[in-house]
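Working through the structure, step by step
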Amino acid sequence: DEGPAWLQSKHQWHEEQLMQLLELVRSGDLTLPTDFRENVEFYVSQLDADASEETFYDDRDLYLPLLTTTTAEAAEEAPYQRVVDESEEALIALEKLKAWSD
């Protein structure tokens, strides 16, 4: 039994977030804070037989600080590289810009 239909999409979303975190933890790029486990346990504790969509608390902000921090750190580590577009259209635009003056 996978539970009520309203809950399945919520579970799928949380599973995807947890899989991303698992990859980061396994690679050594992330250490989970101690309260993270408590927050996940709270989510799971709501899944008793009396769970209803109206009373269910879906904390989607739980993963935000963890995933955005690692994404921001990765962005800082990688130097910016401009993509060179050598298409005919791009070369024409470049020539127009070179000829442009105020």
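Residues numbered from 1 in each chain as written. Predicted model: local features only at pLDDT ≥ 70, side-chain atom pairs only at ≥ 80, totals over all residues. Heavy atoms only, no water.

**Quick word on the environment of G3**
The following threshold applies: Under the DSSP-based scheme used, a helix requires at least four consecutive residues in state H or I and a strand at least two consecutive residues in state E, with every element numbered from the N terminus.
Turning to its location among the elements, G3 is positioned in the segment before α1 (5-26). C-alpha of G3 to C-alpha of L47: the two residues are 44 residues apart in sequence and 8.7 Å apart in space.

**Digging into α1**
Under the convention used in this document: Expected span of a helix: the number of residues minus one, times 1.5 Å. Think of it in three bands: residues with accessible area under 20% of the maximum for their type are buried, residues over 50% are exposed, and the middle band is partly exposed, with areas taken using a 1.4 Å probe on protein chains only. Arc definition: directions from the helix axis to the C-beta atoms.
Helix length check: α1 (22 residues) gives 32 Å between terminal C-alpha atoms against 32 Å at 1.5 Å per residue, within 8%. Taken as a whole, α1 has its buried residues at W6, L7, K10, H11, H14, Q17, L21 and L24. Projected down its long axis, α1 shows its buried positions confined to an angular sector of 140°, all on one face. Exposed side chains of α1 directed beyond 90 degrees from the buried face belong to A5, E15, E23 and R26.

**So, the nonpolar core**
Test applied: As used in this record, nonpolar core signifies buried Ala, Val, Leu, Ile, Met, Phe, Trp, Tyr and Cys residues forming a set joined through side-chain atoms within 4.5 Å. The criterion used for residue contact is that any of the two residues' heavy atoms lie within 4.5 Å.
Counting eight residues, the largest nonpolar core is built from L21, L24, L30, F36, L62, Y63, L66 and L67. Secondary structure elements with two or more residues in this core: α1 and α3 (64-77). Each residue touching Y63, except ones within four places of it in the same chain, is listed here: W13, H14, Q17, L18, L21 and F36.

**Thoughts on the packing of aromatic side chains**
Note the following rule: Pairing of aromatic side chains here covers Phe, Tyr and the six-membered ring of Trp, requires ring centres within 6.5 Å, and sorts the geometry by plane angle: under 30 degrees stacked, over 60 edge-to-face, intermediate tilted. Note on criteria: charge over ring means Lys NZ or Arg CZ within 6 Å of the ring centre, with the direction from the centre no more than 35 degrees off the ring normal.
This model, assessed by the stated rule, comprises five aromatic pairs. Ring geometry for W6 and F56: centres 5.5 Å apart, planes at 70°, overall edge-to-face. Residue W6 is located in helix α1, and its partner F56 is located in the loop between α2 (34-45) and α3; the two are separated by 50 residues in the primary sequence. On the basis of relative accessible area, F56 is assigned to the buried category, the value being 11%. Summarising the aromatic geometry, the rings of W13 and Y63 are spaced 5.6 Å apart at their centres and angled 70° between planes, so their arrangement reads as edge-to-face. Taken together, the residues span a long stretch of sequence, with W13 in helix α1 and Y63 in the loop between α2 and α3 at a distance of 50 residues. Residue classification places Y63 among the buried positions, given a relative accessible area of 3%. Among the aromatic residues, those joined into a ring-pair cluster are W6, Y43 and F56. The ring of W13 has R60 lying over it, and the distance from NZ or CZ to the ring centre is 4.3 Å.

**Some thoughts on the pattern of salt bridges**
Here is the rule: The salt bridge criterion pairs a side-chain nitrogen of Lys or Arg with a carboxyl oxygen of Asp or Glu, the two atoms within 4 Å.
This structure, assessed with the given rule, holds three salt bridges. Where R37 meets E41, a salt bridge forms, and the shortest distance between an N and an O atom there is 2.9 Å. Residue R37 and its partner E41 are both found in helix α2; the two are separated by four residues, about one turn of the helix. The class of R37 is exposed, set by a relative accessible area of 61%.

Read these as spatial facts, not as claims about activity.
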